[in-house]
Amino acid sequence: MPVKFRDYYETLGVPRDASESQIKQAYRKLARKFHPDVNPGDKAAEERFKEINEANEVLSDPEKRRRYDELGADWKAGMDFTPPPPPPGGQTVRMHVGDLGDLFTGGERFSDFFDVLFGNRRPDGAGFAFSARGADVESEVSITLEQAHRGTSRAVTIPLEGPCPACGGSGTKDKKTCSVCGGSGSQTRLESFTVNIPRGVQDGSVIRVPGRGGMGLGGGPRGDLYLRIHIQPHERFRLRDDGHLELELPIAPWEAVLGGEVRVPTLDGPVEMRIPPNSQGGQILRLRSKGLAQPGGGRSDLYVRLKIVVPPKPTDKEVELLKKLAAESGFNPRESWNSGGR
Ligand SMILES: [Zn+2]
(Lines give C-alpha, C1' and ligand atoms only; values in the text may rest on other atoms or scores of the structure.)
Protein backbone atom coordinates (compact mmCIF):
# COMPACT_ATOMS: atom_id res chain seq x y z
CA MET A 1 0.00 0.00 0.00
CA PRO A 2 1.44 3.35 -0.99
CA VAL A 3 1.90 6.16 1.51
CA LYS A 4 1.34 9.87 0.95
CA PHE A 5 4.31 11.78 -0.29
CA ARG A 6 5.42 14.67 1.89
CA ASP A 7 7.07 17.73 0.49
CA TYR A 8 9.43 18.75 3.26
CA TYR A 9 10.60 21.86 1.43
CA GLU A 10 7.02 23.03 1.15
CA THR A 11 6.43 22.27 4.83
CA LEU A 12 9.30 24.53 5.86
CA GLY A 13 8.58 27.03 3.09
CA VAL A 14 12.10 26.92 1.67
CA PRO A 15 13.35 26.33 -1.91
CA ARG A 16 14.85 22.95 -2.85
CA ASP A 17 18.32 24.44 -2.96
CA ALA A 18 18.01 26.08 0.45
CA SER A 19 21.22 26.31 2.47
CA GLU A 20 21.58 24.71 5.87
CA SER A 21 21.20 28.01 7.65
CA GLN A 22 18.09 28.87 5.64
CA ILE A 23 16.54 25.59 6.70
CA LYS A 24 17.55 26.14 10.30
CA GLN A 25 16.07 29.60 10.32
CA ALA A 26 12.80 28.55 8.71
CA TYR A 27 12.46 25.64 11.11
CA ARG A 28 13.06 27.77 14.22
CA LYS A 29 10.55 30.34 13.16
CA LEU A 30 7.82 27.76 12.44
CA ALA A 31 8.60 25.66 15.51
CA ARG A 32 8.16 28.68 17.75
CA LYS A 33 4.85 29.49 16.12
CA PHE A 34 3.32 26.00 16.31
CA HIS A 35 4.90 24.75 19.53
CA PRO A 36 2.34 22.90 21.73
CA ASP A 37 3.23 25.12 24.69
CA VAL A 38 2.12 28.16 22.74
CA ASN A 39 -1.00 26.43 21.41
CA PRO A 40 -2.40 24.33 24.27
CA GLY A 41 -5.12 21.94 23.17
CA ASP A 42 -4.84 22.96 19.52
CA LYS A 43 -4.75 19.67 17.59
CA ALA A 44 -4.14 21.34 14.23
CA ALA A 45 -1.15 23.23 15.59
CA GLU A 46 0.25 20.05 17.10
CA GLU A 47 -0.12 18.26 13.77
CA ARG A 48 1.63 21.10 11.99
CA PHE A 49 4.37 21.11 14.62
CA LYS A 50 4.97 17.41 13.96
CA GLU A 51 5.22 18.00 10.23
CA ILE A 52 7.70 20.81 10.76
CA ASN A 53 9.87 18.66 12.99
CA GLU A 54 9.77 15.77 10.57
CA ALA A 55 10.77 18.03 7.67
CA ASN A 56 13.60 19.44 9.76
CA GLU A 57 14.71 15.96 10.81
CA VAL A 58 15.23 15.12 7.16
CA LEU A 59 16.43 18.38 5.64
CA SER A 60 18.87 19.27 8.44
CA ASP A 61 20.63 15.92 8.11
CA PRO A 62 22.77 15.89 4.92
CA GLU A 63 22.53 12.12 4.51
CA LYS A 64 18.75 12.02 4.96
CA ARG A 65 18.32 15.07 2.76
CA ARG A 66 20.37 13.47 0.00
CA ARG A 67 18.26 10.37 0.20
CA TYR A 68 15.08 12.39 0.10
CA ASP A 69 16.31 14.46 -2.83
CA GLU A 70 17.06 11.27 -4.77
CA LEU A 71 13.32 10.72 -5.05
CA GLY A 72 13.27 13.61 -7.51
CA ALA A 73 11.43 16.90 -7.63
CA ASP A 74 8.39 15.58 -9.50
CA TRP A 75 6.55 14.56 -6.38
CA LYS A 76 3.80 16.69 -4.94
CA ALA A 77 2.68 16.56 -1.33
CA GLY A 78 -0.15 14.08 -0.84
CA MET A 79 0.61 11.99 -3.92
CA ASP A 80 0.63 8.22 -3.53
CA PHE A 81 4.17 7.16 -3.02
CA THR A 82 5.66 3.66 -3.15
CA PRO A 83 9.28 3.59 -2.08
CA PRO A 84 12.01 1.99 -4.15
CA PRO A 85 13.34 -1.27 -2.69
CA PRO A 86 16.32 -0.83 -0.38
CA PRO A 87 19.67 -1.31 -2.12
CA PRO A 88 21.21 -4.76 -1.53
CA GLY A 89 23.83 -4.53 1.15
CA GLY A 90 23.02 -0.88 1.54
CA GLN A 91 22.92 0.75 4.88
CA THR A 92 19.69 1.93 6.33
CA VAL A 93 19.84 5.40 7.74
CA ARG A 94 19.42 5.07 11.44
CA MET A 95 16.70 7.17 12.92
CA HIS A 96 17.87 9.70 15.38
CA VAL A 97 15.57 9.64 18.35
CA GLY A 98 15.68 12.97 20.09
CA ASP A 99 13.63 14.15 23.01
CA LEU A 100 11.01 15.43 20.63
CA GLY A 101 8.80 12.41 21.29
CA ASP A 102 8.26 13.51 24.88
CA LEU A 103 6.15 16.41 23.69
CA PHE A 104 3.44 14.12 22.41
CA THR A 105 1.24 11.99 24.54
CA GLY A 106 0.42 9.40 21.92
CA GLY A 107 0.44 8.55 18.26
CA GLU A 108 3.27 8.37 15.78
CA ARG A 109 6.22 10.66 16.07
CA PHE A 110 6.83 10.69 12.33
CA SER A 111 4.66 10.02 9.31
CA ASP A 112 4.38 6.70 7.49
CA PHE A 113 6.18 8.41 4.65
CA PHE A 114 9.17 9.12 6.85
CA ASP A 115 9.26 5.59 8.25
CA VAL A 116 9.04 4.01 4.84
CA LEU A 117 11.63 6.29 3.28
CA PHE A 118 14.15 5.71 6.02
CA GLY A 119 13.51 2.06 6.42
CA ASN A 120 11.95 1.99 9.84
CA ARG A 121 8.85 0.28 8.63
CA ARG A 122 7.53 -1.78 5.76
CA PRO A 123 5.21 0.11 3.43
CA ASP A 124 2.51 -2.56 3.79
CA GLY A 125 2.07 -2.76 7.50
CA ALA A 126 2.39 -0.75 10.62
CA GLY A 127 4.74 -1.80 13.34
CA PHE A 128 7.03 -4.01 11.28
CA ALA A 129 10.61 -2.94 11.53
CA PHE A 130 12.32 -2.96 8.17
CA SER A 131 15.26 -5.11 8.99
CA ALA A 132 16.68 -8.40 7.86
CA ARG A 133 18.91 -10.91 9.55
CA GLY A 134 22.30 -11.41 7.91
CA ALA A 135 23.06 -14.51 5.89
CA ASP A 136 24.51 -17.63 7.47
CA VAL A 137 28.07 -18.29 6.40
CA GLU A 138 29.86 -21.62 6.07
CA SER A 139 33.55 -22.12 6.47
CA GLU A 140 35.94 -25.02 7.04
CA VAL A 141 38.64 -25.35 9.64
CA SER A 142 41.35 -27.97 9.54
CA ILE A 143 42.71 -29.34 12.82
CA THR A 144 45.10 -32.11 13.83
CA LEU A 145 44.01 -35.36 15.39
CA GLU A 146 45.65 -34.30 18.66
CA GLN A 147 43.65 -31.04 18.64
CA ALA A 148 40.42 -32.97 18.08
CA HIS A 149 41.40 -35.25 20.96
CA ARG A 150 42.14 -32.51 23.48
CA GLY A 151 40.03 -29.61 22.19
CA THR A 152 41.57 -26.40 20.93
CA SER A 153 40.87 -22.81 20.05
CA ARG A 154 41.46 -21.54 16.56
CA ALA A 155 41.78 -18.11 15.00
CA VAL A 156 39.25 -17.91 12.18
CA THR A 157 39.28 -15.23 9.50
CA ILE A 158 36.25 -14.70 7.30
CA PRO A 159 35.51 -12.13 4.59
CA LEU A 160 32.73 -9.85 5.76
CA GLU A 161 30.74 -7.64 3.44
CA GLY A 162 29.44 -4.48 5.03
CA PRO A 163 28.67 -0.87 4.24
CA CYS A 164 31.62 1.09 2.89
CA PRO A 165 33.07 3.15 5.76
CA ALA A 166 34.07 5.97 3.40
CA CYS A 167 30.60 6.74 2.05
CA GLY A 168 28.44 5.07 4.68
CA GLY A 169 27.02 2.67 2.11
CA SER A 170 25.56 5.30 -0.18
CA GLY A 171 28.12 4.79 -2.95
CA THR A 172 28.65 8.51 -3.34
CA LYS A 173 30.81 10.98 -1.50
CA ASP A 174 30.94 14.73 -2.07
CA LYS A 175 28.48 14.20 -4.93
CA LYS A 176 30.97 11.94 -6.71
CA THR A 177 31.24 8.18 -7.01
CA CYS A 178 32.94 6.92 -3.87
CA SER A 179 36.54 6.08 -4.74
CA VAL A 180 36.86 3.52 -1.95
CA CYS A 181 34.03 1.20 -2.98
CA GLY A 182 33.67 2.31 -6.59
CA GLY A 183 30.03 3.25 -6.01
CA SER A 184 28.86 -0.18 -4.86
CA GLY A 185 28.32 1.10 -1.33
CA SER A 186 29.70 -2.10 0.14
CA GLN A 187 33.14 -3.21 1.07
CA THR A 188 34.58 -6.56 2.02
CA ARG A 189 36.88 -6.66 4.98
CA LEU A 190 38.45 -9.54 6.84
CA GLU A 191 37.23 -10.31 10.31
CA SER A 192 39.28 -12.44 12.68
CA PHE A 193 38.19 -14.00 15.92
CA THR A 194 38.81 -17.06 18.02
CA VAL A 195 36.56 -20.09 18.06
CA ASN A 196 36.69 -22.76 20.73
CA ILE A 197 36.67 -26.26 19.29
CA PRO A 198 35.52 -28.69 21.95
CA ARG A 199 37.37 -31.85 22.86
CA GLY A 200 36.02 -34.89 21.05
CA VAL A 201 34.92 -32.98 17.96
CA GLN A 202 34.41 -35.30 15.02
CA ASP A 203 35.60 -35.13 11.47
CA GLY A 204 32.90 -33.53 9.33
CA SER A 205 30.95 -32.16 12.27
CA VAL A 206 29.74 -28.57 12.19
CA ILE A 207 30.15 -25.98 14.91
CA ARG A 208 27.68 -23.11 15.00
CA VAL A 209 29.16 -19.74 15.96
CA PRO A 210 26.23 -17.38 16.63
CA GLY A 211 26.43 -13.82 15.31
CA ARG A 212 29.52 -14.30 13.15
CA GLY A 213 27.73 -14.59 9.82
CA GLY A 214 26.79 -11.89 7.31
CA MET A 215 25.79 -8.38 8.35
CA GLY A 216 22.08 -7.72 8.93
CA LEU A 217 20.14 -5.00 7.15
CA GLY A 218 18.37 -2.13 8.84
CA GLY A 219 19.76 -2.97 12.26
CA GLY A 220 18.90 -6.65 11.85
CA PRO A 221 21.12 -9.15 13.65
CA ARG A 222 24.07 -10.83 12.00
CA GLY A 223 23.76 -14.34 10.67
CA ASP A 224 25.59 -17.31 12.12
CA LEU A 225 28.82 -18.94 11.10
CA TYR A 226 28.86 -22.68 10.54
CA LEU A 227 32.34 -24.14 10.86
CA ARG A 228 32.85 -27.54 9.31
CA ILE A 229 35.61 -29.47 11.06
CA HIS A 230 38.18 -31.30 9.01
CA ILE A 231 40.62 -33.53 10.87
CA GLN A 232 43.94 -33.77 9.04
CA PRO A 233 45.46 -37.20 8.30
CA HIS A 234 47.89 -38.32 10.99
CA GLU A 235 51.29 -39.82 10.26
CA ARG A 236 50.71 -42.72 12.61
CA PHE A 237 47.03 -43.13 13.47
CA ARG A 238 44.30 -43.64 10.93
CA LEU A 239 40.83 -42.35 11.84
CA ARG A 240 38.34 -44.95 10.67
CA ASP A 241 34.85 -44.18 9.45
CA ASP A 242 33.42 -45.72 12.63
CA GLY A 243 35.38 -43.26 14.80
CA HIS A 244 37.93 -45.76 16.08
CA LEU A 245 41.66 -45.31 15.52
CA GLU A 246 43.87 -47.79 13.77
CA LEU A 247 47.62 -48.19 14.12
CA GLU A 248 50.08 -50.43 12.26
CA LEU A 249 52.52 -52.01 14.69
CA PRO A 250 55.77 -53.47 13.30
CA ILE A 251 56.97 -56.61 15.12
CA ALA A 252 59.88 -59.02 14.61
CA PRO A 253 59.14 -62.59 13.44
CA TRP A 254 60.21 -64.02 16.82
CA GLU A 255 57.88 -61.57 18.65
CA ALA A 256 55.05 -62.94 16.54
CA VAL A 257 55.97 -66.57 17.35
CA LEU A 258 56.95 -66.23 20.96
CA GLY A 259 54.66 -63.37 21.98
CA GLY A 260 55.71 -60.67 24.40
CA GLU A 261 55.13 -57.22 25.80
CA VAL A 262 55.48 -54.21 23.49
CA ARG A 263 55.01 -50.47 23.90
CA VAL A 264 52.24 -49.05 21.74
CA PRO A 265 51.81 -45.30 21.16
CA THR A 266 48.40 -43.70 21.83
CA LEU A 267 47.24 -40.08 21.72
CA ASP A 268 47.84 -39.92 25.47
CA GLY A 269 51.31 -41.50 25.42
CA PRO A 270 52.58 -45.08 25.14
CA VAL A 271 50.89 -48.05 26.79
CA GLU A 272 52.02 -51.66 27.26
CA MET A 273 50.37 -54.32 25.13
CA ARG A 274 50.77 -58.08 25.19
CA ILE A 275 51.26 -59.86 21.91
CA PRO A 276 49.94 -63.40 22.25
CA PRO A 277 52.22 -66.26 21.07
CA ASN A 278 51.68 -67.46 17.49
CA SER A 279 50.32 -64.09 16.27
CA GLN A 280 50.06 -63.58 12.52
CA GLY A 281 50.92 -60.60 10.35
CA GLY A 282 47.78 -58.53 9.58
CA GLN A 283 46.14 -59.70 12.79
CA ILE A 284 44.30 -56.92 14.64
CA LEU A 285 44.38 -56.51 18.41
CA ARG A 286 41.99 -54.14 20.13
CA LEU A 287 42.93 -51.74 22.89
CA ARG A 288 39.62 -50.76 24.38
CA SER A 289 39.07 -47.00 25.06
CA LYS A 290 42.57 -46.05 23.90
CA GLY A 291 41.35 -44.25 20.78
CA LEU A 292 39.96 -40.79 20.18
CA ALA A 293 38.02 -38.65 22.69
CA GLN A 294 34.30 -38.78 21.90
CA PRO A 295 31.76 -35.91 21.88
CA GLY A 296 29.81 -37.34 24.79
CA GLY A 297 32.93 -38.20 26.80
CA GLY A 298 34.89 -41.44 26.82
CA ARG A 299 37.19 -42.76 24.12
CA SER A 300 36.86 -44.84 21.02
CA ASP A 301 39.06 -47.95 20.68
CA LEU A 302 42.52 -48.29 19.24
CA TYR A 303 42.93 -51.14 16.78
CA VAL A 304 46.49 -52.39 16.46
CA ARG A 305 47.31 -54.17 13.20
CA LEU A 306 50.41 -56.39 13.46
CA LYS A 307 52.97 -56.10 10.71
CA ILE A 308 55.83 -58.62 10.68
CA VAL A 309 59.07 -57.08 9.51
CA VAL A 310 62.48 -58.70 9.11
CA PRO A 311 65.87 -57.16 9.93
CA PRO A 312 66.84 -55.02 6.91
CA LYS A 313 70.52 -55.80 7.45
CA PRO A 314 70.81 -59.09 9.37
CA THR A 315 74.12 -59.83 11.07
CA ASP A 316 76.18 -62.87 10.16
CA LYS A 317 75.02 -64.51 13.37
CA GLU A 318 71.36 -63.84 12.54
CA VAL A 319 71.81 -65.23 9.02
CA GLU A 320 73.49 -68.33 10.48
CA LEU A 321 70.62 -68.89 12.93
CA LEU A 322 68.00 -68.37 10.23
CA LYS A 323 69.76 -70.89 7.96
CA LYS A 324 69.66 -73.35 10.82
CA LEU A 325 65.95 -72.65 11.34
CA ALA A 326 65.26 -73.10 7.62
CA ALA A 327 66.99 -76.50 7.65
CA GLU A 328 65.27 -77.62 10.84
CA SER A 329 61.75 -76.34 10.18
CA GLY A 330 59.14 -78.30 8.32
CA PHE A 331 56.87 -75.26 8.08
CA ASN A 332 55.42 -74.59 4.63
CA PRO A 333 53.39 -71.34 4.64
CA ARG A 334 51.83 -72.29 1.24
CA GLU A 335 50.81 -75.75 2.20
CA SER A 336 47.10 -75.10 1.74
CA TRP A 337 47.69 -74.22 -1.94
CA ASN A 338 48.68 -77.91 -2.53
CA SER A 339 50.10 -77.76 -6.01
CA GLY A 340 51.12 -74.36 -7.41
CA GLY A 341 53.43 -72.88 -4.83
CA ARG A 342 56.43 -74.38 -3.21
ZN1 LIG B 1 32.12 3.95 -0.60
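Below is a summary of the structure that appears in this document.

1. Regarding the overall build of the protein chain
Step number 1: For the protein chain, the helix and strand inventory stands at eight helices and 15 strands.
Step number 2: Counting the 342 residues in the protein chain, one finds 21% classified as buried.

2. Here's the deal with helix H2 (residues 20-34)
Step number 1: Over its 15 residues, H2 extends 21 Å from the first C-alpha to the last, a length consistent with the 21 Å expected when each residue adds 1.5 Å.
Step number 2: If you check which residues of H2 are buried, you get Ile23, Ala26, Tyr27, Leu30 and Phe34. Viewed along the axis of H2, the buried residues span an arc of 100°, placing them on a single side of the element. For H2, the exposed residues lying more than 90 degrees away from the buried face are Ser21, Arg28 and Arg32.
Step number 3: On its buried face, H2 is in contact with helix H1 (8-12) and helix H3 (43-59).

3. Let's talk about the sheet that holds strand S3 (residues 137-143)
Step number 1: Pairing within the open sheet is mixed, and its three strands lie in the order S3-S9-S8. Bordering the open sheet on either side are S3 and strand S8 (206-209), each of which pairs with just one other strand. Taking each pair of neighbouring strands and ignoring which way they run, the sheet shows an average axis angle of 30°.
Step number 2: For S3 and strand S9 (residues 225-231), the ladder comprises seven bridges, and the chain directions are parallel. When the sheet's bridge partners are listed, Ser139 is paired in S9 with Leu227.

4. A short note on the pairing of strand S11 (residues 245-251)
Step number 1: With three bridges joining them, strand S10 (residues 237-239) and S11 adopt antiparallel strand pairing. Paired with Arg238 across the bridge in S11 is Glu246.
Step number 2: In textbook terms, the turn of a hairpin is the stretch between consecutive antiparallel strands, and for S10 and S11 this stretch comprises five residues, one of which, Gly243, has a positive phi near 90°.
Step number 3: In this structure, S11 lies alongside strand S15 (residues 302-308), joined through seven bridges in parallel fashion. Bridging across to S15, Leu247 finds its partner in Val304.

5. Section: helix H8 (residues 316-328)
Step number 1: In a regular helix each residue adds 1.5 Å, so 13 residues correspond to 18 Å; H8 covers 18 Å between its end C-alpha atoms and thus fits that length.
Step number 2: Of all 13 residues in H8, zero are buried; the element is thus mostly exposed.

6. Side note on the nonpolar core
Step number 1: In this structure, Tyr8, Leu12, Tyr27, Leu30, Ile52, Ala55 and Leu59 are the most contacted members of the largest nonpolar core, which totals 20 residues.
Step number 2: Breaking this core down by element, the ones donating at least two residues are H1, H2, H3 and helix H5 (112-117).
Step number 3: Not counting the four nearest positions on each side in its chain, Leu12 is found in contact with Ile23, Ala26, Tyr27, Leu30, Ile52, Ala55, Asn56 and Leu59.

7. Some details on the pairing of strand S13 (residues 271-275)
For a regular strand, side-chain orientation follows a simple rule: the groups alternate between the two sheet faces.
Step number 1: Sheet topology places strand S12 (residues 260-264) next to S13; five bridges connect them, and they run antiparallel. Bridge pairing in S13 links Glu261 to Arg274.
Step number 2: Linkage of S12 to S13, two consecutive antiparallel strands, is achieved through a turn of six residues, within which Gly269 is found at a positive phi near 105°.

8. What about the sheet that holds strand S14 (residues 284-287)?
Step number 1: The sheet built from four strands is open, its strands ordered S10-S11-S15-S14 with mixed pairing. Looking at the sheet topology across the chains shown, the edges are occupied by S10 and S14. Taking the axes of each pair of neighbouring strands and ignoring which way they run, one obtains an average angle of 30° across the sheet.

9. A few points about the environment of Glu57
Step number 1: Locating Glu57 in the fold gives a position in helix H3.
Step number 2: Here the alpha-carbon distance between Glu57 and Phe114, two residues 57 residues apart in the chain, equals 9.7 Å.

10. Notes on the packing of H2 against H3
Step number 1: Put simply, H2 and H3 touch, their axes get as near as 9 Å, and they point 160° apart. Taken together, the axes of H2 and H3 are roughly antiparallel relative to one another. Two packed elements cross with a definite hand, and for H2 against H3 that hand is left-handed. For the pair H2 and H3, the contacting residues are Ile23, Tyr27, Leu30, Ala31 and Phe34 in the first and Ala45, Arg48, Phe49, Ile52, Asn56 and Leu59 in the second.
Step number 2: Across the contact of H2 with H3, the residue classes break down as nine nonpolar, one polar and one charged.

11. Considerations on unusual backbone geometry
Peptide bonds are mostly trans, and most non-glycine residues show a negative phi.
Step number 1: One non-glycine residue, Asp174, lies in positive phi territory at about 50°.
Step number 2: Relative to the assigned elements, Asp174 resides in the loop between strand S5 (172-173) and strand S6 (176-177).
Step number 3: On the basis of neighbour count, Asp174 is assigned to the exposed category, with 8 C-beta atoms found within 10 Å.
Step number 4: Residues other than glycine seldom take positive phi values, yet Asn278 does so here, at roughly 60°.
Step number 5: Of note, Asn278 is situated in the loop between S13 and S14.

Cut-offs used in this document
Throughout, residues of each chain are indexed from 1 in the direction in which the sequence is written. Only residues with pLDDT of at least 70 get local features here, since the model is predicted, and only at 80 or more are side-chain atom pairs given and counted; chain-wide, interface and lining totals rely on the full set of residues. Runs of E in the DSSP output that reach at least two residues are strands. Runs of H or I that reach at least four are helices, and both are numbered from the N terminus. Between the buried cut of 20 or more and the exposed cut of 12 or fewer other C-beta atoms within 10 Å of a residue's own C-beta lies the partly exposed class, and all C-beta atoms are placed from the backbone. Expected helix span is computed as 1.5 Å times (number of residues minus one). The reported arc concerns the directions from the helix axis to the C-beta atoms and nothing else. This entry defines residue contacts through backbone-placed C-beta atoms, with two residues in contact when those atoms are within 7 Å. If DSSP finds at least two bridges between two strands, the strands pair. Between the N-to-C directions of two axes lies an angle of 0 to 180 degrees, each axis being a line fitted to C-alpha atoms and, for a helix, fitted only over the stretch in contact. As used throughout, a nonpolar core is a set of buried Ala, Val, Leu, Ile, Met, Phe, Trp, Tyr and Cys residues joined through C-beta atoms within 7 Å of each other. Throughout this description, any angle smaller than 35 degrees is read as roughly parallel, any larger than 145 degrees as roughly antiparallel, any in the 65 to 115 degree range as roughly perpendicular, and the remainder as oblique. Two helices that cross are described as forming a left-handed crossing if the nearer one is turned anticlockwise from the farther one by less than a right angle, and a right-handed crossing if clockwise. Nonpolar residues are Ala, Val, Leu, Ile, Met, Phe, Trp, Tyr, Cys and Pro. Charged residues are Asp, Glu, Lys and Arg, and all others, Gly as well, are polar.

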